[in-house]
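# Analysis of the macromolecular model
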Amino acid sequence: MRTLSCDLLVIGSGAGGLSAAVTAAHHGLDVVLVEKDTAMGGATAWSGGWMWTPRHPLHEGPREDIEQPRTYLKNALGQRYDADRVDAFLHAAPHMVGFFHEKTATRFVDGGGIADIHGDLPGASQGGRQVGPKPVNGWRLKPSLLRKLTRQMYETSFLGMGIMAGPDLQKFLHVMSGPQNFAHAAWRVGLHTVDMAVRRRGMQLVNGPALIARLAKSADDLGVRMYVDAPAKRLLLEGKAVCGAVVATPRGGVEVWARRGTVLATGGFPNDAERTAALFPKGTGENHKTLSPATTTGDGIRMAEEAGAVLDTSGASLAAWCPVSLVPFTNGRVGRFPHIIDRGKPGVIGVLRDGRRFVNEADGYHQYVDAMIRATPEGEEVASWLICDHRYQRRMPFGMSRPFPLPRFPYLRNGYLRHGRTLEELSVTCGIDPTQLRRTVDEFNAGAIRGIDPEFGRGRTAYNRKSGDFAHGPNPSLGPIENAPFYAIKVYPGSFGTFAGLSADAHARVLDAAGDPIEGLYAVGTDQANVLGGHYPSGGINIGPAMTFGYVAARHAAGVAEYEVGI
């Protein structure tokens, strides 16, 4: 078997793994990064790319004191507040943003308009705690590097073209409302058409693909050796210390020996059918509809357990939930569409098969699924239906179906979009209690017309209102469902990945059963037990901690104390 040596071995190429690789290389370490898949990016490449990083230096307003986000998390996490790890995250996150933004090819934009989900809790922010990746033109990347990058997730794109959250998305949502919006959309689609004709892929990289592209370029600039189609099989041990890993490659096995440490960033275990079936509630782990790549089968966790590590399943939730609908394509593939933005728009509700609402639909995607699981009676299929009317479907995206002028018949024909001339007819098509659905919609409409939701308080928080339609009043989150025909989409519990992960300390070192660090082993991203205790208090709480603890782990391995950039 061939051997390879380095200072730091990183296993996995999502945001956490690339963050560790870039940080370590910046500090002079010789870094090798291996990726199981045939392209880099992991679940990050299919995400929005936004990160929750309180007190980051890009925010233009007054810089908040650390006590504000700390207070918010104490209230949001309750008994699962881990002071040491939370403080490590809150202290390092703004320095991480400053380092990548100023010292590497990675650039961010301020996500000032994104509010925390639990806006009524002490310490919650109305905006200013997120950053997102600055878009990048793929033509500026080396062709050899571009070929290693995961492509945009088709289900969250427009014909394969990514649309960035923020002004870009708003222009597309209101494309028919004015010439400026139409011109913007036409310009973006025109560029994408040229890219597809010349390069056979979208080259206007936004959201998660932009973050991965910028991190990969930063790693390449610093001489990180990056290998795809190279799964790690087992860790190399000297006594109880981890000294690298055995990696499979198309040319055979390689022992990669790492002098300073090994970082696990393999994406958790969302595609480990046996483990999710055993751990997830009410059957949601069976045939789990995750949005993570198929390669995220728990390799890092399994290898760490063989070295004495412990899987922490004590969090409030074991998964970062997201409602997902299944999209049948003409080529036989079944896609998975994440319902991120449509639930909070005026004119949509979610109901169970009994025809009743069960949640404030404009709250976070994690909260929607968590409530759906709790409300579903034991033994029944965990699923719900999103329902809208004709006026909404022609104005706004509804799952995979797009608004006017795009046709809806493909989704009616393949059964993805159910419809009925009346609510009662729609109920029969979906298997929903028709009497209760009519009662639910009538009661909802009575409040929506006045801009109130007596049952769940939809629209009461800044997060709710910003999830809605800014052009609609009196409540941007509420609109009646009254214009036939009516439409419905079935949604299931999906996830962005797992929250349960390896026990780790504030330096991202993996801990054994006695609570002691395993020498030479770090875990970041979803291989590490969620720092927020399985809660989802704001958008970007997957990638923010992943990037931050990748940065923390690499700095610890490099023996660095001083921050690279002052904030």
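Look a little higher up for the structure.
Note that the structure is a prediction, hence the values are computed from the model and not measured.

### Comments concerning the overall build of the chain
When helices and strands are tallied, the chain shows 16 helices and 22 strands. Over its C-alpha trace the chain gives a radius of gyration of 23 Å, about what one expects of a compact globule, namely 24 Å for 567 residues. Referenced to the eigenvectors of the C-alpha coordinate spread, the extents of the chain come out at roughly 70 × 50 × 50 Å. Burial status across the chain gives 59% buried among its 567 residues. The contacts in the chain between residues at least 6 apart in sequence include a share of 74% that link residues at least 24 apart. Of the accessible surface of the chain, which amounts to about 21,900 Å², a share of 52% is contributed by carbon and sulfur atoms. Positive and negative side-chain charges in the chain, numbering 61 and 55 respectively, have mean positions lying 7 Å apart.

### With respect to the nonpolar core
Judged by nonpolar contacts, the single largest core of 80 residues is most densely connected at Val31, Leu73, Phe100, Phe108 and Met547. A per-element tally of this core places helix α3 (residues 83-103) first, with 10 residues. Beyond its immediate stretch of four places on either side in the chain, Leu73 contacts Trp52, Gly78, Tyr81, Val86, Leu90, Leu532 and Pro537. If you look at the next biggest cluster of nonpolar residues, it comprises 56 residues, including Ile11, Phe269, Ala307 and Ala500.

### Here we look at the packing of aromatic side chains
Under the counting rule described, the total for this entry stands at 12 aromatic pairs. Consider the rings of Phe358 and Tyr368, whose centres lie 5.1 Å apart with planes at 65 degrees: the pair is edge-to-face. Linking Phe358 in the loop between β16 (348-351) and α10 (365-375) with Tyr368 in helix α10, this pair joins segments that are 10 residues apart in sequence. Taken as a pair, Phe358 and Tyr368 share a single burial class, namely buried. Here the aromatic rings of Tyr392 and Phe398 are separated by 6.1 Å at their centres, their planes lie at 85 degrees, and the arrangement is edge-to-face. A residue is classified by how much of its surface remains accessible, and Tyr392, at 2% relative accessible area, is buried. Counting every residue linked through ring pairs, the aromatic cluster contains Tyr365, Phe496, Phe499 and Tyr536. Directly above the ring of Phe269 sits Arg275, whose terminal nitrogen or CZ lies 5.7 Å from the centroid. Looking at Lys289, its charged tip hangs above the ring of Tyr492, at a distance of 4.8 Å from the centre.

### Some points on the side chain of His288
Summarising the element assignment, His288 is placed in the loop between α8 (273-279) and β12 (289-290). You can call His288 buried: its relative accessible area is 7%. At 3.4 Å, the side chain of His288 and the backbone oxygen of Thr284 are in polar contact. If sequence neighbours within four positions are ignored, His288 has contacts with Pro270, Thr276, Phe280, Trp321, Arg336, Pro493, Gly494 and Ser495.

### Here we look at unusual backbone geometry
Of note, the amide linkage connecting Phe404 to Pro405 takes the cis form, showing an omega dihedral of 15 degrees. Tracing the backbone through its elements, the reader meets Pro405 in the loop between α11 (390-395) and α12 (409-413). Look at the link from Ala484 to Pro485: it is a cis peptide, with omega at -5 degrees. Inspection of the secondary structure assignment puts Pro485 in the loop between α15 (462-467) and β19 (486-498). Here Ala508, not a glycine, exhibits a phi torsion of approximately 70 degrees, which is positive. Take Ala508: it is sitting in the loop between β20 (501-502) and β21 (509-511).

### Focus: the sheet that holds strand β3 (residues 51-52)
Reading across the sheet, the 3 strands line up as β3-β5-β4 and stay open at both edges, with antiparallel pairing between neighbours. Edge positions in the sheet fall to β3 and β4 (108-110), since each of these pairs with one other strand and no more.

### Re the pairing of strand β5 (residues 130-133)
Along β5, one buried face is formed by Gln130 and Gly132 and the opposite face, lined by Val131 and Pro133, is buried too. Direction of pairing for β3 relative to β5: antiparallel, over a ladder of 2 bridges. Of the residues in β5, the one forming a bridge with Met51 is Val131. One ladder, built from 3 bridges, connects β4 with β5; its direction is antiparallel. When the bridges of β5 are listed, Asp110 appears paired with Val131.

### Some words on the packing of helix α2 (residues 67-77) against α3
For the pair α2 and α3, interaxial distance at closest approach is 11 Å and the crossing angle is 145 degrees. Crossing hand, α2 versus α3: right-handed. Facing α2, whose interface residues are Pro69, Arg70, Leu73 and Leu77, α3 presents Val86, Asp87, Leu90 and His91. The class makeup of the residues in the contact of α2 with α3 is 5 nonpolar, 1 polar and 2 charged.

### Considerations on a nonpolar patch on the surface
A contiguous nonpolar surface patch, about 290 Å² in accessible area, is contributed by Trp139, Val194 and Val198. Following the sequence through the fold, Val198 ends up in helix α6 (residues 179-199). Taking the relative accessible area as the measure of exposure, Val198 reaches 53% and is therefore exposed.

The rules behind the values
- Residues numbered from 1 in each chain as written.
- Predicted model: local features only at pLDDT ≥ 70, side-chain atom pairs only at ≥ 80, totals over all residues.
- Heavy atoms only, no water.
- Helix = DSSP H or I, 4+ residues; strand = E, 2+ residues; numbered from the N terminus.
- Rg over C-alpha atoms; globule rule 2.2 N^0.38 Å.
- Buried < 20%, exposed > 50% of the residue type's maximum accessible area, 1.4 Å probe, protein only.
- Contact = heavy atoms within 4.5 Å.
- Areas by Shrake-Rupley, 256 points an atom, 1.4 Å probe, with all protein chains shown as cover.
- Lys, Arg positive; Asp, Glu negative; His and termini not counted.
- Charge placed at Lys NZ, Arg CZ, Asp CG, Glu CD.
- Core = buried A, V, L, I, M, F, W, Y, C linked by side-chain atoms within 4.5 Å.
- Phe/Tyr/Trp six-rings, centres within 6.5 Å; stacked < 30°, edge-to-face > 60°.
- Lys NZ or Arg CZ within 6 Å of the ring centre and 35° of its normal.
- Polar contact = N/O pair within 3.5 Å; in protein donor to acceptor, adjacent residues only side chain to side chain.
- Pairing = 2+ DSSP bridges.
- Axes fitted to C-alpha atoms, helices over the stretch in contact; angles between N-to-C directions.
- Left-handed = near helix turned anticlockwise from the far one by under 90°.
- Nonpolar A, V, L, I, M, F, W, Y, C, P; charged D, E, K, R; others polar.
- Patch = residues over 30% accessible without salt bridge, like charges linked within 9 Å, V, L, I, M, F, W, Y side chains within 5 Å.
- Salt bridge = Lys/Arg side-chain N within 4 Å of Asp/Glu carboxyl O.

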